[in-house]
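Below, each chain spelled out in residue letters.
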Amino acid sequence: MKIAAVSLALLAPFAVCAQTVKLVNPGFEQPPKGGEILPGWRAHQHAGDPSYEFAVDNQVFAKGKNAFRITRLQPQDYGALDQTLPGRDLIGKEIEFSALIQAKDVDKRGFVLCINVIDASGDIRNQFRSQPRTTGTVDKWTPLSVRAKVPSGTQRVEVGFLLIGGGTIWADEATLKIIPAEKPQDAGKAVEKTKGAKPAKGETAKEAAKNKDEAK
């Protein structure tokens, strides 16, 4: 299984034009039925005796009336909450999974959002993780995101939350989007802009074009 960390600095471009992919119960508002923890989501841990508390929280939430909470009760490799979607229509596309997050007493092993790419064998072919949150306690809602390019051969895609270290995290307002590719003409404009601009010593052509525009 390959694991790739995704820089938050790469998350901004083209988000305005992104296409939303429907998730089940993304705001954690639907009440559980028939013994399930939360409609649309699967709560699980690495192994062993129950080591995590998975719960709907109606006291701490960003929007609506609920958020979801994961607390580690004793040492274990990870506790996770995730949702599975068909992968066929996402092949070749870049997707972004995001949510609003709060944290309490999270240790240095941290907490991440993740996207799992699952092949025909049912195995995780790739796992993409956001930058880890290891900041102890954050008592205000902050966004966290992860992106992945869905490869050929993908059967299913899992998106979710992974508490690796100790502490508690809250999640709300989960979203999944398809990020549109950069248009060829946009790249062409960037090339055209550099034409006719002579770089000074130690200056790239792109920097010269920028400086030329600013001087007008």
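Along each chain, residues carry numbers from 1 onward, in the same order as the chain's sequence is written. Local features in this predicted model are restricted to residues whose pLDDT is 70 or higher, and side-chain atom pairs enter the listing and the counts only when it is 80 or higher, whereas totals over whole chains, interfaces and linings include all residues. Calculated side-chain values reflect all of the structure's heavy atoms, with hydrogen atoms and water omitted.

Caption draft 1: Examining the packing of aromatic side chains more closely. The criterion for an aromatic pair is that two Phe, Tyr or Trp rings (for Trp, the six-membered ring) have centres within 6.5 Å, with stacked assigned to planes under 30 degrees apart, edge-to-face to planes over 60 apart and tilted to the rest. Under the counting rule described, the total for this entry stands at 6 aromatic pairs. Where Trp-41 meets Phe-161, the ring centres are 5.8 Å apart and the plane angle is 40°; that geometry is what we call tilted. You can see Trp-41 sitting in the loop between β2 (19-21) and β3 (42-45) and its partner Phe-161 sitting in strand β11 (residues 156-163), a full 120 residues away along the chain. For every residue, the accessible area obtained with a 1.4 Å probe (protein chains only) is divided by the maximum for its type, and the residue is called buried under 20%, exposed over 50%, and partly exposed between those limits. On the accessibility criterion, Phe-161 (1% relative accessible area) is buried. Ring geometry for Tyr-52 against Phe-54: centres 6.2 Å apart, planes inclined by 35°, an arrangement best described as tilted. The burial state of Tyr-52 is the same as that of Phe-54; both residues are buried. Strands here mean DSSP runs of E at least two residues long; helices mean DSSP runs of H or I at least four residues long; both are numbered from the N terminus.

Caption draft 2: Structural context of the pattern of salt bridges. Any carboxyl oxygen of Asp or Glu within 4 Å of a side-chain nitrogen of Lys or Arg constitutes a salt bridge here. Under the criterion given, the structure shown has 6 salt bridges. When the shortest N-O distance is used, the salt bridge between Arg-42 and Asp-82 registers 3.1 Å. Of this pair, Arg-42 sits in strand β3 while Asp-82 is found in strand β6 (residues 79-86), placing the two residues 40 residues apart along the sequence. Arg-42 is paired through a salt bridge with Glu-158; the nearest N and O atoms lie 3.4 Å apart.

Caption draft 3: A look at the side chain of Asp-57. Summarising the element assignment, Asp-57 is placed in strand β4 (residues 52-57). In this structure the side chain of Asp-57 is engaged in a polar contact, spanning 2.9 Å, whose partner is the side chain of Trp-170. Any two residues whose heavy atoms approach within 4.5 Å are treated as being in contact. Excluding its chain neighbours within four sequence positions, the residues that come into contact with Asp-57 are Lys-65, Asn-66, Ala-67, Arg-69 and Trp-170. Between N or O atoms, a polar contact is any pair within 3.5 Å; within protein, one atom must be a potential hydrogen donor and the other a potential acceptor, and residues adjacent in sequence are included only when both atoms are from side chains.

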